[in-house]
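Observations on the three-dimensional arrangement
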Amino acid sequence: MMLRGLTAILAVVVPAVLLLLPSCSGESPAYNRENIKATWIADTYDGVLQDERNCTVITFQSSGTVVYEGVLSLGNSEYQWGTNNLRYDTYCCDLSISGTYEGLYGHTSPMDTYQEYTFAHSQDSLMTLALESMSLGGVEVTPEYSTVTMRKIPKTYAAADSLYGVWQFNTMNGGGFSDCRIQFGTEGALTMLRRTGENEWEPMGASEDYYRLYSDFLALTVYDNDIFGTSGKWDVRCFLIDSVSVVNGYMSLRSSGDIYGLSFISSN
């Protein structure tokens, strides 16, 4: 009798519990928890490829920290490339992210956020998240997008030493663009130079510029750079590298629909 009674209780309780568990399907598959522990470039929202400056580099670490790298607003129309650290957790087909935006996505004042996603599509090197809910400052908000697609940066991507040296801009969209040089140094040091004569160049800004390279994605933080339209301010320019070869002495960059051709001048 007791066994039959227990069986009857389980017959009711187990289905009820199963209903409370997250269900995963072909559209929202259970995700490989280890695969997410990598660096990704979030560049497509609702199927639309973003301008390079609107991309975010996201690294999911084993510690449960997720590092966002992107354009940080300093206020007064000034920007730098920087980082915000948040927390994440995965379970079955669900991903939750929580923490504080500081400068990221235009939040010049610290802004707490909590977000819930499902894994709408997942491959080893490509991941699409469907946004289920988002709050900012403790208030539920309607986001500007419903899905975000990220591509994984391979662990073996070319190191920054593929850029080291002085490069000269030669063309933009096939036309002349030769009044600017860029010097990539070690540890992210960057110097932008302006032409002042036939074979004369001077540094722009305060020589405190820097760059970050993520495979084919390049982010520059420049100060007082009239070539890129930021007089007396900090700003960020981001590029996709179509090709680069010190041996061949040529580099091709894309940014905001423009295509730039550069030639290698000298090593550092």
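Analysis parameters
Residues numbered from 1 in each chain as written. Predicted model: local features only at pLDDT ≥ 70, side-chain atom pairs only at ≥ 80, totals over all residues. Heavy atoms only, no water. Core = buried A, V, L, I, M, F, W, Y, C linked by side-chain atoms within 4.5 Å. Buried < 20%, exposed > 50% of the residue type's maximum accessible area, 1.4 Å probe, protein only. Helix = DSSP H or I, 4+ residues; strand = E, 2+ residues; numbered from the N terminus. Contact = heavy atoms within 4.5 Å. Salt bridge = Lys/Arg side-chain N within 4 Å of Asp/Glu carboxyl O. pLDDT = per-residue confidence, 0-100. Pairing = 2+ DSSP bridges.

The next subject is the nonpolar core. Among the nonpolar cores identified, the biggest contains 25 residues, and Phe 60, Leu 95, Ile 97, Tyr 117 and Met 150 are the most heavily contacted of them. Secondary structure elements with two or more residues in this core: strand E1 (39–45), strand E3 (56–60), strand E4 (65–75), strand E5 (78–91), strand E6 (94–101), strand E7 (111–122), strand E8 (126–136) and strand E10 (147–152). Considering each element in turn, this core owes the most residues, four residues, to E8. When near neighbours in sequence (up to four residues on either side) are disregarded, Tyr 117 contacts Cys 93, Asp 94, Leu 95, Ile 97, Leu 129, Ala 130, Leu 131, Glu 132, Met 134, Tyr 145 and Val 148.

Our focus in this paragraph is the pattern of salt bridges. This structure, assessed with the given rule, holds nine salt bridges. Note that Lys 152 and Asp 124 form a salt bridge whose closest N and O atoms lie 3.5 Å from each other. Taken as a pair, Lys 152 in strand E10 and Asp 124 in the loop between E7 and E8 lie far apart in primary sequence, 28 residues in all. With relative accessibility at 54%, the residue Asp 124 sits in the exposed group. Glu 202 is the salt-bridge partner of Arg 194, the closest N and O atoms lying 2.9 Å from each other. Classification of Glu 202 as partly exposed rests on a relative accessible area of 35%. The network of salt bridges with shared partners includes Asp 43, Arg 151 and Asp 216.

This next bit is on the confidence of the model for the protein. In this model, the protein carries an average pLDDT of 87, and 87% of its residues clear a pLDDT of 70 or more. Under a pLDDT of 50 for its full length, residues 5–22 has, in the predicted model, five contacts with residues more than four places off or in other chains.

Attention now goes to the pairing of E10. Here five bridges tie E1 to E10, and the two strands are oriented antiparallel to one another. Bridged to Ile 41 within E10 is Arg 151. Alignment of E8 against E10, held across five bridges, turns out to be antiparallel. Paired with Ala 130 across the bridge in E10 is Thr 147.

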